[in-house]
Amino acid sequence: MGLFDIFTGGSGPEKALKLKSKVTQKYGEPSTRQKALQQLGEMKYPEAVTVLLSRFTITVDPLTTDADEKEHTFELIKHFGQDAVAPVSAFLKTSDQATSWALRILQELLSEDALMGVIADTLQHLSSRYTRDPEKKVVLLHHVLGKQDPRVAPAVLPFLEDMSDDVKIAAINVLGPLKYEPAREPLLQLLTSEDTARRVQTVALAALAESGFGVQGYQEKVQAALVEPYSLDKDGRIQRRP
């Protein structure tokens, strides 16, 4: 710490971190919170981005003020440019809140290829840990829906075994169109297991039909699980009748 820091209350990063309590203050004068946001936006430290991101984790009344402040925070972080990428990526990986905001910021700052790399890395991280709230996983899985990036399918595959049916369904919807061979057997297991919820089985059935995978090894169980408008063709593939 330099001589100037002694008189100003600490280094730039330390000042940024000290403002977090004001940024996340839900009650009291909004001007206190808004002044802190502006101060952080004028700093040039990654720690300032980290503290700004904490604004997305609370909701204040009235909701119009909340929305305005969050949009302002989004613009402040965006102006950090590439310096914001690392703290926002870390926030996306470690925070269970504000996933959509983090993705929106990264979309502004990264190319599609780089963004998919961050999302794939985050999904791999999430697949190995338990979370009570499945929303973050679902948001990320919805974001990669329809993407042909080769990193997507391997990152999504483990979520077929997630405890949440909503997560399973989101993962199935991603994997079906990708025709990813390692997903064939896990999808068949979901379809034919007595422990699988009916709504998950329905989505798995549609995904298997779309993928064109054969049902070898599961033919009898698949036959028992078929519902209209699905059937098995002579090659052991699930077909959807018009």
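Residues numbered from 1 in each chain as written. Predicted model: local features only at pLDDT ≥ 70, side-chain atom pairs only at ≥ 80, totals over all residues. Heavy atoms only, no water.

This part covers the overall build of the protein. Along its length, the protein carries 15 helices and 2 strands. The globule rule puts the C-alpha radius of gyration for 242 residues at 18 Å, and the 23 Å found for the protein is more than 25% above it. Projecting the C-alpha coordinates of the protein onto the three principal axes gives extents of approximately 80 × 35 × 30 Å. Sequence separation of at least 24 residues holds for 59% of the intrachain contacts in the protein that already meet a minimum separation of 6. About 12800 Å² of surface is accessible on the protein, with carbon and sulfur atoms providing 52% of the total. Once the 29 positive and 33 negative side-chain charges of the protein are each reduced to a mean point, those two points are 1 Å apart. (Helix = DSSP H or I, 4+ residues; strand = E, 2+ residues; numbered from the N terminus. Rg over C-alpha atoms; globule rule 2.2 N^0.38 Å. Contact = heavy atoms within 4.5 Å. Areas by Shrake-Rupley, 256 points an atom, 1.4 Å probe, with all protein chains shown as cover. Lys, Arg positive; Asp, Glu negative; His and termini not counted. Charge placed at Lys NZ, Arg CZ, Asp CG, Glu CD.)

Our next topic: the pattern of salt bridges. The full count for this structure, using the stated rule, is 17 salt bridges. Via salt bridges that share partners, R33, R55, D66, E69 and K70 belong to a single interconnected network. (Salt bridge = Lys/Arg side-chain N within 4 Å of Asp/Glu carboxyl O.)

Attention now moves to the nonpolar core. A general trend in soluble globular proteins is that nonpolar side chains are found buried together. Judged by nonpolar contacts, the single largest core of 77 residues is most densely connected at L40, I77, V88, V156, I172, V222 and I238. In terms of residue count, the dominant contributor to this core is helix 12 (residues 165–178) (8 residues). Apart from residues no more than four positions distant in its own chain, V222 is found in contact with L188, L191, T192, V215, L232 and I238. (Core = buried A, V, L, I, M, F, W, Y, C linked by side-chain atoms within 4.5 Å. Buried < 20%, exposed > 50% of the residue type's maximum accessible area, 1.4 Å probe, protein only.)

This brings us to helix 8 (residues 99–109). Among the residues making up helix 8, those that are buried are T99, W101, A102, L103, I105, L106 and L109. In this structure, the buried residues of helix 8 make contact with helix 5 (46–53), helix 6 (63–78), helix 7 (85–94), helix 9 (112–126) and helix 10 (135–144).

Along the chain, A155 turns up in helix 11 (residues 152–156). Accessibility expressed as a relative area gives 1% for A155, which makes it buried. The residues contacting A155, other than those within four sequence positions of it, are A120, L123 and Q124.

Attention now goes to the packing of aromatic side chains. Throughout the structure, instances matching the rule amount to 2 aromatic pairs. Residues F56 and W101 carry aromatic rings whose centres are separated by 4.6 Å and whose planes lie at 15 degrees to one another, so their mutual orientation is stacked. Within this pair, whereas F56 is found in the loop between helix 5 and helix 6, its partner W101 is found in helix 8, the two being separated by 45 residues in sequence. W101 gets classed as buried once you look at its relative accessible area, which sits at 19%. Judged by centre distance (6.2 Å) and plane angle (50 degrees), the ring pair of F74 and W101 falls under tilted. Of this pair, F74 sits in helix 6 while W101 sits in helix 8, placing them 27 residues apart in sequence. (Phe/Tyr/Trp six-rings, centres within 6.5 Å; stacked < 30°, edge-to-face > 60°.)

In this section: the environment of E69. Looking at the element boundaries, E69 is found in helix 6. Among the residues examined, E69 registers a relative accessible area of 4% and is labelled buried. Once residues lying within four places of it in the same chain are set aside, the contact partners of E69 are P30, R33, Q34, L37 and R55.

Turning next to the side chain of Q201. With respect to the helices, strands and loops of the structure, Q201 is situated in helix 14 (residues 198–211). For Q201, a relative accessible area of 12% puts it in the buried group. Dropping the residues within four chain positions of it, Q201 is found in contact with L190, L191, S193 and T196.

For the protein, the average pLDDT comes to 93, and 95% of its residues sit at 70 or higher. For the stretch residues 1–9, pLDDT sits under 50, and the model shows 8 contacts to residues farther than four places along the chain or on other chains. (pLDDT = per-residue confidence, 0-100.)

Here the focus is the packing of helix 4 (residues 30–41) against helix 5. As a packed pair, helix 4 and helix 5 sit with axes 9 Å apart at the nearest point and diverge in direction by 150 degrees. In terms of orientation, helix 4 and helix 5 fall into the roughly antiparallel class. In terms of crossing hand, the pair formed by helix 4 and helix 5 is left-handed. Contact residues: L37, L40 and G41 in helix 4; A48, V51 and L52 in helix 5. Classifying every residue of the contact of helix 4 with helix 5 gives 5 nonpolar, 1 polar and no charged. (Axes fitted to C-alpha atoms, helices over the stretch in contact; angles between N-to-C directions. Parallel < 35°, antiparallel > 145°, perpendicular 65-115°, else oblique. Left-handed = near helix turned anticlockwise from the far one by under 90°. Nonpolar A, V, L, I, M, F, W, Y, C, P; charged D, E, K, R; others polar.)

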